[in-house]
2 protein chains.
Amino acid sequence: MKIILLSGGSGKRLWPLSNGARSKQFFKVLQDEHGNSESMMQRIYRQIRLSCPGTEVIIAAGEAQSDSIRRQIGSEAETVFEPSGRHTYPAILLSVAWLLDKRQIEDTEVIAVLPVDTYVEQGYFEKLTEMESALADSGADVCLLGVQPTYPSEKYGYIMGESMPDRPYRQVRTYTEKPDLATARRLVSEGGRWNGGVFVFRASFVKALIEKEVGQVSFDRLYALYDRLPVNSFDYEVIEKNTSLVYIPYDGEWNDLGTWNTLTEKMQEPDGGFVVRGEDCRNTHVINELEIPVVALGLNDMVVVASADGILVSDKHASSYMGRYVEQIDNRPMYEKRQWGEYKVLDFVQCRSGKESSLTKHMHVEPGRSLSYQMHHLRDEIWTIIDGKGLFLLNGEIREVVRGDVLYIPKMCRHGMASTEGVDFIEVQLGTELVEADIERFPWDWSEQLGR
Amino acid sequence: MKIILLSGGSGKRLWPLSNGARSKQFFKVLQDEHGNSESMMQRIYRQIRLSCPGTEVIIAAGEAQSDSIRRQIGSEAETVFEPSGRHTYPAILLSVAWLLDKRQIEDTEVIAVLPVDTYVEQGYFEKLTEMESALADSGADVCLLGVQPTYPSEKYGYIMGESMPDRPYRQVRTYTEKPDLATARRLVSEGGRWNGGVFVFRASFVKALIEKEVGQVSFDRLYALYDRLPVNSFDYEVIEKNTSLVYIPYDGEWNDLGTWNTLTEKMQEPDGGFVVRGEDCRNTHVINELEIPVVALGLNDMVVVASADGILVSDKHASSYMGRYVEQIDNRPMYEKRQWGEYKVLDFVQCRSGKESSLTKHMHVEPGRSLSYQMHHLRDEIWTIIDGKGLFLLNGEIREVVRGDVLYIPKMCRHGMASTEGVDFIEVQLGTELVEADIERFPWDWSEQLGR
């Protein structure tokens, strides 16, 4: 068996910590049995290793997660990077194409797909073996995990099943993805189960889907044509339409950590960052990533989250409905982790005189990393080095820069920065259209200077 | 009669909008009968003008409030600036010394002292005439305003009185400043009244106090020795010890706007700034001065205030007890309005290498204003002009600077900036101790360049 761990999705419902460039699965807010903090990704990977020590794990993720995965998991797990985020159906096809094409696995190999954002007990992973056996015994296309519902939720898929005499698995009779509340209530009362997002199938099953989409089982071709695949979940695209499904019931602990309401329940500490809390707060979590204090007084069942992107103040239950409110917010990301390091937007000013503006950032380049060699058409930049040391590249010339140096970069000048020990600078942008998109990149090889 | 309007005090209980450099009485969160927004200062000054059109008003304030007063009230009211904030007893002595010494008023002149942070109906000001008559008729030292209590508060002084046959005023029998809750309950049940902070007395009464403190009635002497006066309220220092007191009862609307709980009740709009609110919020006020959004979901009876200095999330009732929590916070002000304009701290970094650090500010110099001519011992500064135009002074030489100019100011260099049209710049400080106190000031006369 191979395990594909799905680590896509930015999680709008965990705004303002989760955005395109930062994903919930890497927040170290959980704890293991020794009290050490760990992320969702670290927890589930540790649990897989414990129950399935020999099994190969492939992580399907966005390119932006590359550094986080390397930092948290190391390089033991193979990672398949999606060219863009298009939901679980394309992600599963791409990962299976990688296994078939690049790893040359057999068509008969069994593959288990697991979501990364569930909080479960160890017994969950032991179900994988039962699911593999059910698949073999039943000859079904896919074996699901039927989670015991705890309330009539509109967020999940519901499985109605039929017991099979002398078999641990059951036949799926009907499958209903995200029903309305009334239907969810009826399905729960009739013994329905939630689809836990675990899919066990033979490689050949998804191979046929890949061939249908791009004509042949080629990872490179699927990668190149990725943007033509439907943006859809595997649940809607495959499971809801399929009649050859079985499932294994699971009655153990199962929590979807996709909302603040559920995530805070599993959090190690009620507060994070600079927080002053009144003794009169109850069942309240305050997470503050800003440098200014958050004072919380007299709060009940609340979650308060402050980050560079915004501030959430919500009743815990109401927080699950935040998606549509966050969609109204269209401001640029104020903080991003990148391959080369991270930046924070500090200030933005529209000039009194008219259409010119100014944007100020704190830039941090990590040791051994480099910014791309780039040029802007619509802005000048002034960089003031405030910490560390770097190699500054301007129109093909490299020079060493240190704290206190000021670099003036007029528009249309090619520039770059690399650093062996890490460097921080304040970047002041001056121009007419200060957007991330005003960037033209050029190749440059820093391997000599960075020693790699 | 002369009126002294006490406009001191920064109001810790209105953190994070109120701090040493910004005072609650200037927030334009109220509205007049035409729906125009106005501040506490504007409201009370307008009300005084209406009820007492000919009466001279003196505003006792901190120097930092000078610009706000000029902007909101104009130059019609005379302002007496306290050299430092030392509570109401020194402030009242200083204002009366100014009237006696600089304005040469008679000892028999009647003076009324009013607090700026009460929200009252017009009838409140008509009581001033009754208080003046009561003072004359009774021969008492001070006439107070006895406000009808609305609940047993621990925050106020309680007056127990005796009716005088055929007189509209009453004799004060006992006076209890800030009792505990049990005592407050008893006093309210026995018909006690709150001291509304209005004091009416003859100039001669406070003249004696001034003579006691500094030997003679000299404004300049009192100003020079101001730091030796007790830091105390007029209530504790004078009223509680005095036995010659009368009061006029007042049953009209009276609200102390000193806490978020009371201030939000009088606010014009429930939200200010970039706020996304769920329809499920009730009796909740959200004020956001930051550029990032605040999302508020499912809140009841809450106040949320976000400013550069911090974020308050509080149950409205609990907000009155915030003083002791805010005292724990000792971070530098992140935003200050000054005589010359304003600044915002954008970023602070402790260098990885050791004791050096870096601080980044957005500075705004208002049109026709100038920064003091100054020098730092422990830091270099780099200024990048991002908007407007200024006159930059470095070691005695002036040159014009515009958007895009970068100015390097090494430590021990004298520098200044003036602007006729207003100028904005990003200031990066680099040094070992980045504190406001590292500043040596030198005289410089900009009157020629600024045309005044």
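Since we're looking at a predicted model, the values are computed, not measured.

Student: Is there a simple way to think about the relation of the copies chain A and chain B in this case?
Tutor: These two copies of the chain differ by a rotation about an axis and a displacement along the same axis. Rotating chain A by 179° about the axis while translating it 0.0 Å along that axis superimposes it on chain B, leaving an RMSD of 0.1 Å. Read as a symmetry element, the transformation amounts to a two-fold axis. Within chain A, A:Leu346 has its C-alpha nearest the rotation axis, a separation of 2.8 Å.

Student: What exactly am I supposed to notice about the interface of chain A and chain B here?
Tutor: Where interface size is quoted, it is often the accessible area lost as the parts come together. On the side of chain B, 70 residues touch chain A, which itself brings 70 residues to the contact. Of the roughly 4900 Å² buried between chain A and chain B, counting both surfaces, carbon and sulfur atoms make up 63%. Ranking the residues of chain A by area buried against chain B places A:Leu297, A:Arg352 and A:Arg403 at the top, with a combined share of 14%. Remark: the boundary between chain A and chain B carries eight salt bridges. The tally of links from chain A across to chain B stands at 22 residue pairs in polar contact (both at pLDDT 80 or more).

Student: Could you clarify how one ought to interpret the sheet that holds strand E15 (residues 275–277) of chain B in this entry?
Tutor: In sheet architecture, strand pairing relies on hydrogen bonds along the backbone and comes in two forms, parallel and antiparallel. Strand order across the open sheet formed by six strands is E14(A)-E16(A)-E18(A)-E19(A)-E17(B)-E15(B), with mixed pairing between neighbours. Where the open sheet ends on each side, the last strands, each with one partner, are strand E14 (271–272) of chain A together with E15 of chain B. For E15(B) and strand E17 (residues 294–297) of chain B, the ladder comprises three bridges, and the chain directions are parallel. Bridge assignment links B:Val276 to a residue of E17(B), and that residue is B:Val295.

Student: What exactly am I supposed to notice about the sheet that holds strand E15 (residues 275–277) of chain A here?
Tutor: Taken together, six strands build an open sheet; the order of strands is E15(A)-E17(A)-E19(B)-E18(B)-E16(B)-E14(B) and the sheet is mixed. On the outer flanks of this sheet lie E15 of chain A together with strand E14 (271–272) of chain B, each paired with one strand and no other. With six bridges joining them, strand E18 (residues 302–307) of chain B and strand E19 (residues 310–315) of chain B adopt antiparallel strand pairing. From the neighbouring strand, B:Met302 faces E19(B), where its bridge partner is B:Asp315.

Student: In this structure, what is going on with unusual backbone geometry? I would like to understand it.
Tutor: Negative phi is the rule for most residues except glycine; trans is the rule for most peptide bonds. Residues and elements named next belong to chain A. Following Trp15, the chain continues into Pro16 via a peptide bond in cis, with omega recorded as 5°. Locating Pro16 in the fold gives a position in the loop between strand E1 (2–6) and strand E2 (30–31). You will see that Gln104, though not glycine, has its phi angle at about 55°, which is positive. Its location among the elements puts Gln104 in the loop between helix H3 (88–102) and strand E6 (110–115).

Student: Before we go on, may I ask you to explain the confidence of the model for chain A in this structure?
Tutor: Residues shown with low pLDDT carry predicted positions that ought not to be read at fine detail. For chain A, per-residue confidence averages 92 on the pLDDT scale, and residues scoring 70 or more make up 98% of the total. For this predicted complex, the interface confidence score (ipTM) comes to 0.79, while the overall pTM stands at 0.80.

Student: Explain the packing of aromatic side chains to me, please; I cannot follow it from the model alone.
Tutor: Each aromatic ring pair is described using two quantities: the centre-to-centre distance and the angle formed by the ring planes. For the structure on display, the rule yields 30 aromatic pairs over all chains. The interplanar angle of 75° and the centroid separation of 5.6 Å between the aromatic rings of A:Tyr124 and A:Tyr250 together place this pair among those described as edge-to-face. Taken together, the residues span a long stretch of sequence, with A:Tyr124 in helix H4 (residues 123–138) and A:Tyr250 in strand E12 (residues 245–250) at a distance of 126 residues. Here the two residues A:Tyr124 and A:Tyr250 agree in accessibility, since each one is buried. Note on B:Tyr156 and B:Trp254: the rings are 5.5 Å apart at their centroids and 75° apart in plane angle, and the pair reads as edge-to-face. A residue pair is termed long-range when its members are at least 10 positions apart, and B:Tyr156 in the loop between strand E8 (142–147) and strand E9 (157–163) and B:Trp254 in strand E13 (residues 254–256) qualify at 98 residues. Residue B:Tyr156 shares its accessibility class with B:Trp254, and that shared class is buried. Taken together, the ring pairs in this structure connect A:Tyr151, A:Tyr156, A:Trp194 and A:Trp254 into an aromatic cluster. Sitting over the ring of A:Tyr343, A:Lys361 keeps its end group 3.9 Å from the ring centre. Sitting above the plane of the B:Phe442 ring, B:Arg414 keeps its charged end 3.7 Å from the centroid.

Definitions and limits used
- Residues numbered from 1 in each chain as written.
- Chains lettered and ligands numbered in written order.
- Predicted model: local features only at pLDDT ≥ 70, side-chain atom pairs only at ≥ 80, totals over all residues.
- Heavy atoms only, no water.
- Least-squares fit on C-alpha atoms with pLDDT ≥ 70 in both.
- Contact = heavy atoms within 4.5 Å.
- Buried area = accessible area lost by both parts, 1.4 Å probe.
- Salt bridge = Lys/Arg side-chain N within 4 Å of Asp/Glu carboxyl O.
- Polar contact = N/O pair within 3.5 Å; in protein donor to acceptor, adjacent residues only side chain to side chain.
- Pairing = 2+ DSSP bridges.
- Helix = DSSP H or I, 4+ residues; strand = E, 2+ residues; numbered from the N terminus.
- pLDDT = per-residue confidence, 0-100.
- Phe/Tyr/Trp six-rings, centres within 6.5 Å; stacked < 30°, edge-to-face > 60°.
- Buried < 20%, exposed > 50% of the residue type's maximum accessible area, 1.4 Å probe, protein only.
- Lys NZ or Arg CZ within 6 Å of the ring centre and 35° of its normal.

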